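Examination of the molecular architecture
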Amino acid sequence: MTQAHYRVKKAVIPVAGLGTRFLPATKAMPKEMLPLVDKPVIQYVVEEAVEAGLDDLLMITGRNKNALENHFDRVAELEQVLADKGDAKKLFKVQESSQLADIHYTRQGDPRGLGHAVLRAKSHVGNHSFAVLLGDDVIDFRDQILPRMLEVHEQTGDNVIALMEVPEDQIHLYGCASINETSEDDVVQVTGLVEKPAREEAPSNLAVIGRYVLRHEMFDILEKTDPGRGGEIQLTDALEYAVEHPEIAGGVRGVVFRGRRYDTGDKLDFIKATLRIGIDREDIGSDLRSWLKDFAKEI
């Protein structure tokens, strides 16, 4: 196979989760629409994909997710009001989200896990490699990882997952990888994967985070993957099968991420992300930094 064969243009973004950790805020609003400062979480994810050259996006949605489609659609009445007011800055922000990419939507139906959500993209993706970006996992735009993952996939033809070192007492919250080192400092060969292991059973402290670059053959594996942890079809289980049978869908490599990443599905991480992003904003950063310093003295 040539490098061109593994060139990726399509991305899949699963956003069907209920967001129960943010109730009651997510009772009527998708968790992906919660704002980090003044932009919803999902827009950061879409912008990351577009910045990496992926402009054909498929969102795997569920019930009560219409707000996602509305956000990336045009709102002619609002645009006209802003145009009449001469508010070009706000008009640009409103129009920007509807011009980012070619975005498609399909529903997951039954909530049968991440692997099942990814499998719903099979007809859209076709016989091409593709990226998966989890809709509540935000990578800081200054610390990109997706371009590197795409590069490794194109060079090797292997599936590529993003890995990040986490404290040992948190590894049970993630999929966990066992690895062999390679000649490249940020790339490892994955030799095994386990979903949410107990601390004492984890093969490493390298957690799988929400970015994947996969070969289309992974769909065939997912179709044959039995429900695993939680009675759901786990993407981790399908990737473990690929590790064991590289002749079917290629092996699995990991790119180790050492930058800023925000799990916006976690309340504390969401607050941290808001503060970190806010501090670096030109319009509010200076005032927010000053206030935080004063607030820190009070506590």
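To start, this report covers the structure provided alongside it. (Residues numbered from 1 in each chain as written. Predicted model: local features only at pLDDT ≥ 70, side-chain atom pairs only at ≥ 80, totals over all residues. Heavy atoms only, no water.)

1. Structural notes on the overall build of the chain
Counted only if it meets this: Numbering of helices and strands starts at the N terminus; helices are DSSP runs of H or I of at least 4 residues and strands are runs of E of at least 2. Between the two quantities, the radius of gyration covers C-alpha atoms and the globule rule is 2.2 Å times the number of residues to the power 0.38. For each residue, the accessible area found with a 1.4 Å probe, counting protein chains only, is set against the maximum for its type, and the residue is called buried under 20%, exposed over 50%, and partly exposed in between. Note on areas: these come from Shrake-Rupley sampling with a 1.4 Å probe, and a residue is covered only by the protein chains present in the view.
The helix and strand tally for the chain stands at 12 helices and 13 strands. Its C-alpha radius of gyration of 20 Å places the chain within 12% of the 19 Å reference for a compact globule of 299 residues. In terms of its C-alpha atoms, the chain occupies a principal-axis envelope of roughly 60 × 50 × 35 Å. A burial count over the chain gives 47% of its 299 residues as buried. As displayed, the chain offers around 15,400 Å² of accessible surface, 48% of which is attributable to carbon and sulfur atoms.

2. Side note on unusual backbone geometry
The peptide bond linking Leu23 to Pro24 adopts the cis configuration, its omega dihedral lying at 10°. With respect to the helices and strands, the residue Pro24 is situated in the loop between strand 1 (10–14) and strand 2 (35–36). Phi is positive for Asn64, close to 60°, though the residue is something other than glycine. For Asn64, the location among the structural elements is in the loop between strand 4 (56–61) and helix 2 (66–71). A positive phi angle is found at Lys196, which is not glycine, with a value near 50°. With respect to the helices, strands and loops of the structure, Lys196 is situated in the loop between strand 10 (187–195) and strand 11 (206–214).

3. Some points on the pattern of salt bridges
Stated precisely, the cut-off is as follows: Salt bridges are counted wherever a side-chain nitrogen of Lys or Arg sits within 4 Å of a carboxyl oxygen of Asp or Glu.
For the structure shown, the criterion picks out 23 salt bridges. In this structure, Asp136 engages Lys31 in a salt bridge whose closest nitrogen and oxygen atoms are separated by 3.0 Å. Here Asp136 is found in the loop between strand 6 (130–133) and strand 7 (137–139), whereas its partner Lys31 is found in the loop between strand 1 and strand 2, with 105 residues between them in sequence. Of the two residues, Asp136 and Lys31, both sit in the buried class. Asp38 is the partner of Lys93 in a salt bridge, and the nearest nitrogen-oxygen pair spans 3.8 Å. Within this pair, whereas Lys93 is found in helix 4 (residues 88–98), its partner Asp38 is found in the loop between strand 2 and strand 3 (39–40), the two being separated by 55 residues in sequence. Given the relative accessible area of 42%, Lys93 is considered partly exposed. For Asp38, a relative accessible area of 46% translates into the label partly exposed. Here the salt bridges do not stand alone but share partners, grouping Asp38, Lys93, Arg281 and Asp283 into one network.

4. Regarding the nonpolar core
Soluble globular proteins tend to bury their nonpolar side chains together. As a reminder, the rule being used: Grouping buried Ala, Val, Leu, Ile, Met, Phe, Trp, Tyr and Cys residues that are joined through side-chain atoms within 4.5 Å yields what is termed a nonpolar core. When checking whether two residues touch, look at their non-hydrogen atoms; a contact exists if any pair is within 4.5 Å.
Ile13, Ile42, Val46, Leu54 and Leu146 are the most contacted members of the largest nonpolar core, which totals 43 residues. Ranked by residues supplied to this core, first place goes to helix 1 (residues 41–51) with 6 residues. When sequence neighbours within four positions are dropped, the list of residues in contact with Leu54 reads Val8, Lys9, Lys10, Ala11, Ala49, Ala131, Leu146 and Leu150. Judged by nonpolar contacts, the second largest core, of 34 residues, contains Ala117, Leu163, Ala242 and Val252.

5. Structural notes on a nonpolar patch on the surface
Stated formally: Patch membership requires over 30% relative accessible area and the absence of a salt bridge. Like charges are linked within 9 Å, and nonpolar side chains (Val, Leu, Ile, Met, Phe, Trp, Tyr) within 5 Å.
Among the surface-exposed residues, Trp291, Phe295 and Ile299 lie close enough to one another that they form a single nonpolar patch of about 360 Å² accessible area. With respect to the element layout, Trp291 can be found in helix 12 (residues 285–298).

6. Details of the pairing of strand 12 (residues 252–256)
Heads up, the rule is: When DSSP locates at least two bridges between a pair of strands, those strands are taken to pair.
Taken across its 5 residues, strand 12 has 4 buried, putting it largely inside the fold. With 5 bridges joining them, strand 8 (residues 159–165) and strand 12 adopt parallel strand pairing. Opposite Ile161, over in strand 12, you have Gly254 as the bridge partner. Pairing geometry for strand 10 and strand 12, over 3 bridges, is antiparallel. Among the inter-strand pairings, Gln189 is bridged to a residue of strand 12, identified as Arg253.

7. Topic: the packing of aromatic side chains
What counts here: When two rings of Phe, Tyr or Trp (its six-membered ring) have centres within 6.5 Å they constitute a pair, described as stacked for plane angles under 30 degrees, edge-to-face for angles over 60, and tilted for the intermediate range.
Summed over the entire model, instances satisfying the criterion amount to 3 aromatic pairs. Ring geometry for Phe22 against Phe270: centres 5.5 Å apart, planes inclined by 70°, an arrangement best described as edge-to-face. Separated by 248 residues along the polypeptide, Phe22 in the loop between strand 1 and strand 2 and Phe270 in helix 11 (residues 267–279) bring together distant segments of the chain. When sorted by exposure, Phe22 lands in the same class as Phe270, which is buried.

8. Things to note about the environment of Asp143
Selection rule: What qualifies as a polar contact is a pair of N or O atoms within 3.5 Å, subject to a donor-acceptor requirement within protein and to the restriction that residues adjacent in sequence count only when both atoms come from side chains.
You can see Asp143 is positioned in the loop between strand 7 and helix 7 (146–156). Distance from Asp143 to Ile209, taken between C-alpha atoms, is 14 Å for residues 66 residues apart in sequence. Excluding residues within four positions of it along the chain, Asp143 makes contact with Phe257, Gly259 and Arg260. A polar contact is formed between the side chain of Asp143 and the side chain of Arg260, at a distance of 2.6 Å.

9. A look at helix 9 (residues 235–244)
The buried count for helix 9 comes to 7 of 10 residues, which makes it a mostly enclosed element. Along helix 9, the residues classified as buried are Leu235, Thr236, Ala238, Leu239, Glu240, Ala242 and Val243.

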